[in-house]
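Fold and contact review
One-letter residues, chain by chain:
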Amino acid sequence: MLVMGEVHTGLLQNSGEISESTCRQVLGLMTGETVRVSRRPIVHALSPERLTGVDCALPTASRSRVRGVGTVVSRCAVTGGRMAQGSTYVRVVRSEADRRLPWSHYLARPGVVEVLGKAKAADLAEGFTGDSAPGCLNLGAVSGRFLDLVQASPLLDRRAPFKIPRTSLRWVTETGEPSIRFTLHTEQERTLRLTHPGPFTPAVVDLCEDLATHDWLLTSLLVIVERARIGGTPGAQAVARLAPAIDHLMHLWMPAARVEEWLTPFWESLERRPGFTRQWRSLVDRVRDQVAMNTLALLSATAEAGRR
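Residues numbered from 1 in each chain as written. Predicted model: local features only at pLDDT ≥ 70, side-chain atom pairs only at ≥ 80, totals over all residues. Heavy atoms only, no water.

Let's shift gears to the overall build of the chain. Broken down by element type, the chain carries 8 helices and 10 strands. Across its three principal directions, the C-alpha atoms of the chain cover 90 × 40 × 35 Å. Burial statistics for the chain: of 308 residues in total, 49% are counted as buried. Partitioning the intrachain contacts of the chain with sequence separation of at least 6 by distance along the chain shows that 69% fall at a separation of at least 24. Entry remark: accessible area of the chain is about 15100 Å², with carbon and sulfur atoms responsible for 52%. The averaged location of the 31 negative side-chain charges in the chain is 4 Å from the averaged location of its 38 positive side-chain charges. (Helix = DSSP H or I, 4+ residues; strand = E, 2+ residues; numbered from the N terminus. Buried < 20%, exposed > 50% of the residue type's maximum accessible area, 1.4 Å probe, protein only. Contact = heavy atoms within 4.5 Å. Areas by Shrake-Rupley, 256 points an atom, 1.4 Å probe, with all protein chains shown as cover. Lys, Arg positive; Asp, Glu negative; His and termini not counted. Charge placed at Lys NZ, Arg CZ, Asp CG, Glu CD.)

Right under this line is the structure:
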């Protein structure tokens, strides 16, 4: 029927960037399972997948009672040794038996929740991306708990250089004519509706996680620039407030670097509207201009003092 997921993204709770080997240890939450690491174009470490069993109501826009039973897939990632992400997703399908089966049946189909009874894909999609009723399937809670587990690692000093809220991206994807709709709901909450040709593959999850990564980076840089109060505070003070962006965020911007080629047109669509990279470059230029102006002011003051 459809695939849905939720991604939580935030700053890794450490004073500085962690090494590749530390990433492996922080994400090595399951004994005997391998943490996958890619080094180009930026270090990206991905935890083993974890299954969580669920037997609960599914969110619907019509508020009709729909039961789902199965397992959801969760994983965590650390990008650039600086940014952490918890992600959970599930394929929702109709149950052939239309009755509750033994858990062995659901464990044999990892990442699948079977719908018991009648349900429309559109109703489920609208319900999941809207305001879910209490007691319904909550993928965000699963993602948040997994991310909390990573952030609580004793290998992290929990002295983050600045405070930035997490963001959550709730997404739904179906098969059909290609389309993408990204919506900002609050300062921390977003939704994504994606329709793509062909069957579902994990590459779609990679796309959603990559989008969540860069949405969080853009949001965080915007917050830091706003906190600097450029024009309302002395230049040196504004630059000091902008320093975290320079030290910890600006080098991480690499949209679609890990997205399969057949999915890149969706990123290109978002680059046209709302224009992620266009806004990012504008903010980066503003940060660099402030640093340059403050440097020139300091050099001028030094030269003036030398002539006295």
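What follows concerns helix H3 (residues 121-129). Of all 9 residues that make up H3, 7 are buried, and the element is covered over most of its length. If you check which residues of H3 are buried, you get Ala121, Asp123, Leu124, Ala125, Gly127, Phe128 and Thr129.

A separate point is the packing of aromatic side chains. Under the defined criterion, the tally for this structure stands at 5 aromatic pairs. When the ring of Trp103 is compared with that of Tyr106, the centres are 5.6 Å apart and the planes differ by 70°; the resulting orientation is edge-to-face. Within this pair, Trp103 and its partner Tyr106 are both found in helix H2 (residues 103-107), separated by 3 residues, close to a single helical turn. Residue Trp103 is classed as partly exposed on the basis of its relative accessible area, which comes to 34%. (Phe/Tyr/Trp six-rings, centres within 6.5 Å; stacked < 30°, edge-to-face > 60°.)

With that settled, the discussion passes to the pattern of salt bridges. One pass over the full model with this rule turns up 14 salt bridges. Note that Arg159 and Asp157 form a salt bridge whose closest N and O atoms lie 3.8 Å from each other. The class of Asp157 is partly exposed, set by a relative accessible area of 28%. Across the salt bridge formed by Arg190 and Asp215, the nearest N and O atoms sit 2.4 Å from each other. In this pair, Arg190 is assigned in strand S10 (residues 189-196) and Asp215 in helix H5 (residues 202-228), connecting sequence segments 25 residues apart. Among the charged side chains, a network of salt bridges with common partners joins Glu49, Arg75, Asp206 and Glu209. (Salt bridge = Lys/Arg side-chain N within 4 Å of Asp/Glu carboxyl O.)

Within the largest apolar cluster, 45 residues are counted, with the highest numbers of intra-cluster contacts made by Trp171, Leu211, Leu217, Leu221, Phe276 and Trp280. Within the residue set of this core, elements represented by two or more residues are strand S1 (2-11), strand S6 (83-94), strand S8 (167-175), S10, H5, helix H6 (235-248), helix H7 (264-272) and helix H8 (276-307). Per element, the largest residue contribution to this core is 14 residues, and it comes from H5. Setting aside its immediate chain neighbours within four residues, Leu217 contacts Met83, Leu249, Leu252, Trp253 and Trp280. (Core = buried A, V, L, I, M, F, W, Y, C linked by side-chain atoms within 4.5 Å.)

Glancing now at the environment of Asp98. Along the chain, Asp98 turns up in the loop between S6 and H2. Separated by 186 residues in the primary sequence, Asp98 and Val284 place their C-alpha atoms 54 Å from one another. Beyond its immediate chain neighbours, meaning those up to four positions away, Asp98 contacts Leu116 and Gly117.

The quantities given are spatial measurements derived from coordinates; they are silent on function.
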